[in-house]
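# Structure assessment
What follows is the residue order along each chain.
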Amino acid sequence: MEFLVERTIAILVAVIGPLLTIFDLPGNTLMLLTAFFFAFFDEAIYFNGRLLSAMVLIYAVGECWEFCVSLFGIKRKKVSWFAVLFIGAGGFIGTLLGTLIFPILGSLIGGMMGAFVTAFAYELLHTGLSRNAWELAWAAAKMRFMAIIGKLVAGIALAALLVKQVVFL
């Protein structure tokens, strides 16, 4: 009974964290900070160096995955670095607009649509060929989706480790 509050908070954060990650919000960061809070709240009970190190590693891999896949995955289509940054900015703006317009899943859909629209516009203006523009746009949308999926997998792993740290001492 004495650990009920801590366990409830950990389970709540472990459920909310991956959901926030789906919406392109800082769910993984919330779970990592919660794990550190528990570790330093009561070191004797919750501090586990290996577990915290694994969580930091998973967090870093998830963030690197999202960044690299969403920005540099499109580079395989032989576009310029300007195009990569332009499409990345379009995906980011789409994420923001999607969140404002449709808060639930709007960030994911908006990010994919933003990457799609900016990639299509860039390639159409650059080459004038709609076929090439469609190919690049679909590739950009798929890369944005894969980036979020990879980050979500990291979030689920972080949630499991957080529950292990607090609930299954």
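Structure first, text after, so check above.
Residues numbered from 1 in each chain as written. Predicted model: local features only at pLDDT ≥ 70, side-chain atom pairs only at ≥ 80, totals over all residues. Heavy atoms only, no water.

### So, the pattern of salt bridges
Counted under the stated rule, the structure contains three salt bridges. Across the pair Glu135 and Arg131 runs a salt bridge whose closest N-O atoms are separated by 3.6 Å. Here Glu135 pairs with Arg131, and both are found in helix H7 (residues 130-166), just four residues apart, close to one helical turn. Taking relative accessible area as the criterion, Glu135 reaches 39% and is therefore assigned partly exposed. (Salt bridge = Lys/Arg side-chain N within 4 Å of Asp/Glu carboxyl O. Helix = DSSP H or I, 4+ residues; strand = E, 2+ residues; numbered from the N terminus. Buried < 20%, exposed > 50% of the residue type's maximum accessible area, 1.4 Å probe, protein only.)

### Overview of the packing of aromatic side chains
A complete count under the given rule lists 11 aromatic pairs for this structure. For the ring pair Phe36 and Phe40, a centre distance of 6.3 Å and an interplane angle of 10 degrees mean the geometry is stacked. In this pair, Phe36 and Phe40 are both assigned in helix H2 (residues 27-41), four residues apart and thus about one turn of the helix distant. Ring pairs connect the aromatic residues Phe37, Phe38, Phe41 and Tyr46, which therefore count as one cluster. (Phe/Tyr/Trp six-rings, centres within 6.5 Å; stacked < 30°, edge-to-face > 60°.)

### What about the nonpolar core?
If you look at the biggest cluster of nonpolar residues, it comprises 19 residues, and the most contacted ones within it are Met31, Met55, Leu162 and Val166. Elements represented by at least two residues in this core include exactly helix H1 (4-22), H2, helix H4 (49-72) and H7. Examining the composition of this core, we find that six residues originate from one element, H7, more than from any other. Other than its neighbours up to four places away in sequence, Met55 contacts Met31, Leu32, Ala35, Leu158, Leu161, Leu162 and Gln165. One finds Leu71, Phe116, Leu136 and Ala140 within the second-largest nonpolar core, a separate group that totals 15 residues. (Core = buried A, V, L, I, M, F, W, Y, C linked by side-chain atoms within 4.5 Å. Contact = heavy atoms within 4.5 Å.)

### Thoughts on the environment of Val5
Structurally, the position occupied by Val5 is in helix H1. For the pair Val5 and Ala39, spaced 34 residues apart in the sequence, the C-alpha separation amounts to 15 Å.

### Brief notes about H4
Taking 1.5 Å of rise per residue, 24 residues should cover 34 Å, and H4 covers 33 Å from first to last C-alpha, within 8% of that figure. For H4, the full list of buried residues reads Leu51, Leu52, Met55, Gly62, Glu66, Val69, Ser70 and Leu71. Of the surrounding secondary structure, the elements contacted by the buried residues of H4 are H2, helix H5 (81-101) and H7. Regarding H4, its N-cap is Asn48, as a side-chain oxygen of that residue lies 3.2 Å from the backbone nitrogen of Arg50 further along. (Expected span 1.5 Å × (residues − 1). Polar contact = N/O pair within 3.5 Å; in protein donor to acceptor, adjacent residues only side chain to side chain.)

Spatial relationships are all this shows, so hold off on functional conclusions.
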